[in-house]
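Observations on the three-dimensional arrangement
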Amino acid sequence: MRKLLSTIVLAATAQLGFAQQVKPATSAKIYHEIAQLRHLVNVLYVAAHPDDENTRLLAWLVNDQNIRTGYLSLTRGDGGQNILGSELGDALGLIRTHELMEARKLDGAEQYFSRAIDFGFSKTNEETFKHWPQDQLTYDAVWVMRKFRPDVVICRFPPNKMAGHGQHAASAIIAAKAFKASGDRGQYSEQFRSYAAWQPKRLLLNTYRFGDRNTTSEDQFKLTVGQYIPSLGMGSGELAGLSRSIHKSQGAGTPSTPGVQTEYFKLVDGDSLSQSLYDGIDITWNRVGAIEIGDELKIIEEHFDYKHPDASIPALLTVRKQIATKVKDAYWRKEKLAEIDQTILDCTGLLAELYAKQPQAVKGAVLPFTLHVIARSKTPVVLNKVAWGSGDADSAMNLLISNDSLMSFDHTIMIPTNTPITQPYWLTAEHAKGEDMFAIPNDSLIGLPETPDNLNATLSLTIGGEPFHVLVPLSYKKLDPVKGDVVEQLRIVPDATVMFNTTLLVTQSDGAVTTDVRIHAYKDLRDATLTITGTKSVVATIKGLNLSAAADTIIPVNISAAVSAQQGKDDYALTADLSANGNTYNLTQHLIQYNHLPSLQYFNVATTKVLRANWKCTVKRIGYIEGAGDYIPTLLRLAGMEVDVLKETDLTSAAKLKKYDAIVTGIRAVNVEKRMAYWLPVLMEYAQNGGTLVMQYNTTQDMATTKLGPYPFTIASDQRVTEEDAKITFLDPQSRLLNYPNKITDDDFKDWVQERGLYFVSKWDDKYTPLFSMNDADEPALKGGTLYAKVGKGNYIYTSLSFNRQLPNGNKGAIRLFMNMLSVGK
């Protein structure tokens, strides 16, 4: 093991490629790469959300047919639900982005996105395009098509109500527009600075049977997929189950189905087909006038030695030279050189990692790193030099990497002072108010699944006498006692972050406001000043703060009633700014960590919303049963209530629950908490004895029990009101729930976000009283959004209204209604 110690200044590169951890590939993967080298054809699948794609078809195209395949998801799934935790909106979109990327690692397809924000369920494409500008989305889809150059584009959904979701239908409409525009030199000509016009051969609809929606017919083009793939030990249907089950935030566990199955396709545009997806397309090397290259690759594939993949290197190097010199088509020359370079590297069994022992750093920080390099190849691999981002600091090596012998180098690296913080590029700027599109800093980022990591070292290698350059990302590595080695991207953070203790605050009875601001310094800061600013004036200034690196400092902030009143009569926002050494720090760090994903970091401006309480509540102590995660317990505590999260030991008898004025179950509690089947009888007894039980919505999937109330009712998965401004009709205006302690009016349903509610009750016993009627445009009225029943001495309420979205948003009308539900028995 060789050691080298040096001090180096690292400069961030300008490359927009993704530097991945450099790890050896399996022989099965290398064999697939060689097989894919023989094909000159691309397929692009298009749909609206993560988990919309037909993973069985993608897995078959990539792993059985060895075809380069990509998936364009218009959105990142920001408007979905989350059964893992409380993250919604941008945070959920980040989770679902990386779930999709983990799925692609399994099935082998590539991943693309547009800038569209998932604003929640919609029922028509007309409603969807009120949120999404068609031209901008078409621009993004054309960009991806011109970059990826698919010969075949496949839609998951039709452009009509058979799609089952307005955004699904919209994805088909955008795909059709982009299919025509991509090859039109008169459209989006500004893109030609980066990519040429490209006309795909055909646009297809991958038809389906989903429940009562059937878009297939026997006269459509059919493919048999799912065949057993010995190198994987499974068929594409089984692999698809594994891939789709990565969408854990959506509870999308999917069976791995063995055996062949039929896929159906309908021609939407372009040339017809009768024999294969590629009719009329030369997918061989004859496409670029180099059929001999295909012949050579076929021989390499036939003679591939699973035990000694490095034996293929000399022949691959020969083909590499042929591609570089004989292929005149610039696109295919670039693509196939990149593919064969990766294949050759994989054949060497190369591992390269460059890691520090801390997960984050600030720009300008100097950190010790360790570089490990090893190759397993009889073909000589020479490490010529390591470039650390600055030509002056390159380290000349000229070292032969002995077969299966680890080389280790220690380096001190300075993070460049112009390095941006680690942040999803689509969250770097606020998107326009009322427009559900992310602001993209520049066109080069369109379609990319994540922000390019430009903190890389470059290894200059010689393999069999030919030069190769390998990007190695700066990483963080630790030994986890459960997971073993964990290697992740080194995260760049500001010198300090600031965060209010909650994203909502409630004024005290006199109008005063009390909160805390948490400052986390990542480097020592002296004589800092924290400034808290309201809507109209500075409300607090704390000077002379001396902050130590890696330490949290809690700053109490007290805003008097008089100062609070100066911000106006309405609710208002507070922002926090920390000033030190001529710099201002105003970002809150969010770190998302789940076992199936890498650590995910994003920032937003440090702010909180101050609510001027206009509600009453007659209860004081609440029991809460956690569901899929929501903000309601926090809101109730802010409103002055004592909230206990109930555990199994609390729910063994109704007597233990007597101390609670009301008990609330979180969203989807019956779906995620299997013990609810045993707890609900106890909760019903609690209500019989005089308590109030408020149950929030559940879905029909994987329910612990269907006996949710004291009397029968049925949930419907297809009954929801997605228009957040849908008119509300009060069915029982004299109900105590609408009058005590707060008088509920139409004004309380203003400014709701995303939806009114979902998974409404479709059938119920006559002992229940429905409170509201509502509907989306041109649809029948739904009355199962909220049901009330008297139970013995107590009260039972089941509500499908989306309080989990309204309360975190600070909607006071929703808060007033929820307080009435809690107070109905007091």
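Residues numbered from 1 in each chain as written. Predicted model: local features only at pLDDT ≥ 70, side-chain atom pairs only at ≥ 80, totals over all residues. Heavy atoms only, no water.

What about the overall build of the protein chain?
Stated precisely, the cut-off is as follows: Secondary structure elements follow DSSP: runs of H or I no shorter than four residues count as helices, runs of E no shorter than two count as strands, and numbering proceeds from the N terminus. The globule rule used here is 2.2 Å times the number of residues to the 0.38 power, and the radius of gyration it is set against is calculated over C-alpha atoms. Each residue's exposure class comes from its accessible area (1.4 Å probe, protein chains only) as a fraction of the maximum for that residue type: buried when under 20%, exposed when over 50%, partly exposed otherwise. Only heavy atoms enter the contact rule, under which two residues are in contact if any of them lie within 4.5 Å. Under the convention used here, a 1.4 Å probe and the Shrake-Rupley method define accessible areas, while residue burial counts only the protein chains that appear. Under the counting rule used here, the positive set is Lys and Arg, the negative set is Asp and Glu, and His together with the chain ends is not counted. The location of each charge is read from NZ of Lys, CZ of Arg, CG of Asp or CD of Glu.
A tally of regular secondary structure across the protein chain gives 16 helices and 44 strands. Taking 2.2 N^0.38 as the reference for a compact globule, 826 residues should give roughly 28 Å; the C-alpha atoms of the protein chain span a radius of gyration of 30 Å, in line with that estimate. With the C-alpha coordinates aligned to their principal axes, the bounding extent of the protein chain is approximately 85 × 75 × 55 Å. Here the protein chain holds 826 residues, and the buried ones make up 56% of them. Counting only contacts in the protein chain whose residues sit at least 6 apart along the sequence, the fraction spanning at least 24 positions is 75%. For the protein chain, the accessible surface area stands at approximately 33800 Å², while carbon and sulfur atoms represent 49% of it. The average position of the 86 basic charges and that of the 90 acidic charges among the side chains of the protein chain differ by 3 Å.

A word on the pairing of strand β44 (residues 794-799)
Our working definition: Here, any two strands with at least 2 DSSP bridges between them count as paired.
The buried fraction of β44 amounts to six of the six residues, a majority that puts the element mostly inside the structure. The two faces of β44 match: Gly794, Tyr796 and Tyr798 on one face and Asn795, Ile797 and Thr799 on the other face are all buried. Sheet topology note: the strand β37 (residues 692-696)/β44 ladder contains five bridges and is parallel. Of the residues in β44, the one forming a bridge with Thr692 is Asn795. In terms of strand pairing, strand β43 (residues 786-791) meets β44 through six bridges, oriented antiparallel. Across the sheet, residue Ala789 finds its bridge partner in β44, namely Tyr796. Between the antiparallel neighbours β43 and β44 lie two residues, among them Gly792 with a positive phi of about 55 degrees.

Some thoughts on the nonpolar core
Just so we agree on the cut-off: Side-chain atoms within 4.5 Å link the members of a nonpolar core, which is a set of buried Ala, Val, Leu, Ile, Met, Phe, Trp, Tyr and Cys residues.
Residues Trp285, Leu354, Leu459 and Leu461 are the most contacted members of the largest nonpolar core, which totals 60 residues. Examining the composition of this core, we find that six residues originate from one element, helix α10 (residues 330-347), more than from any other. In contact with Leu461, not counting residues within four places along its chain, are Leu345, Leu350, Val382, Leu383, Asn384, Ile401, Glu466, Pro467, Phe468 and Val470. Ala116, Phe129, Val142 and Leu597 belong to the second-largest nonpolar core, a separate cluster that totals 47 residues.

Some remarks on unusual backbone geometry
A negative phi angle characterises most non-glycine residues, just as the trans form characterises most peptide bonds. In this model, Tyr740 is joined to Pro741 through a cis peptide bond whose omega is -5 degrees. Counting through the fold element by element, Pro741 comes out in the loop between β39 (728-730) and β40 (761-764). Here the phi dihedral of Asn66 falls at roughly 60 degrees; this positive angle occurs in a residue that is not glycine. Judged by its relative accessible area of 13%, Asn66 is buried. Non-glycine residue Asp751 carries a positive phi angle of around 65 degrees. Within the element layout of this structure, Asp751 appears in the loop between β39 and β40.

Things to note about the confidence of the model for the protein chain
Just so we agree on the cut-off: In predicted models, pLDDT denotes the confidence assigned by the predictor to each residue on a 0 to 100 scale.
Taken over all residues, the pLDDT of the protein chain has a mean of 94, while the share at 70 or more is 97%. In this model residues 1-18 is a low-confidence stretch, pLDDT under 50, and it forms 59 contacts with partners more than four residues away in sequence or in other chains.

Some points on the environment of Ala457
The residue Ala457 is located in strand β19 (residues 456-463) in this model. Overall, Ala457 belongs to the buried group, its relative accessible area being 1%. Remark: the alpha-carbon pair of Ala457 and Thr216, spanning 241 residues in sequence, is separated by 51 Å. Those residues in contact with Ala457, other than ones at most four positions away along the chain, are Leu354, Val386, Ala387, Trp388, Val470, Leu471, Val472 and Leu474.

What to know about the side chain of His372
Structurally, His372 can be placed in strand β15 (residues 366-374). Classification of His372 by relative accessible area gives buried; the value is 14%. Those residues in contact with His372, other than ones at most four positions away along the chain, are Leu351, Ala352, Glu353, Tyr355, Leu406, Met407 and Ser408.

Comments concerning the packing of aromatic side chains
Under the convention used in this document: Centre distance within 6.5 Å is the pairing criterion for rings of Phe, Tyr and Trp, where only the six-membered ring of Trp is used; planes under 30 degrees apart are then read as stacked, over 60 as edge-to-face, and the remainder as tilted. For a Lys NZ or an Arg CZ to count as sitting over a ring, it must be within 6 Å of the ring centre and within 35 degrees of the ring normal.
Applying the stated criterion to the full structure yields 24 aromatic pairs. Taking the centre distance of 5.8 Å and the plane angle of 80 degrees together, the rings of Phe119 and Trp132 count as edge-to-face. On the criterion of sequence distance, the pair formed by Phe119 in the loop between β4 (110-113) and α4 (125-131) and Trp132 in the loop between α4 and α5 (134-148) is long-range, its members being 13 residues apart. With 5.0 Å between their ring centres and 75 degrees between their planes, Tyr331 and Trp332 make a pair best called edge-to-face. Pair check on accessibility: Tyr331 and Trp332 agree, each one buried. When the ring centre of Tyr355 is taken as reference, the NZ or CZ atom of Lys477 above it lies at 4.9 Å. Cation over ring: Arg720 sits above Phe121, and NZ or CZ is 4.2 Å from the ring centre.

Observations regarding the packing of α5 against helix α6 (residues 166-182)
When two helices pack together, their arrangement is given by the angle between the helix axes and the distance between those axes. Test applied: Lines fitted to C-alpha atoms define the axes, with helix axes restricted to the stretch in contact, and inter-axis angles between N-to-C directions lie between 0 and 180 degrees. Any angle between 65 and 115 degrees counts as roughly perpendicular, while under 35 counts as roughly parallel, over 145 as roughly antiparallel, and the rest as oblique. Rotating anticlockwise by less than a right angle from the far helix to the near helix defines a left-handed crossing, while the corresponding clockwise rotation defines a right-handed one.
Direction vectors running N to C along α5 and α6 enclose 60 degrees, while the axes themselves pass 8 Å from each other. Classed by the angle they form, the pair α5 and α6 counts as oblique. Read as a crossing pair, α5 and α6 show a hand that is right-handed. In this structure, α5 uses Gln134, Leu137, Thr138, Ala141, Val142, Met145 and Arg146 to contact α6, whose residues at the interface are Ile173, Ile174, Ala175, Lys177, Ala178, Phe179, Ala181 and Ser182.

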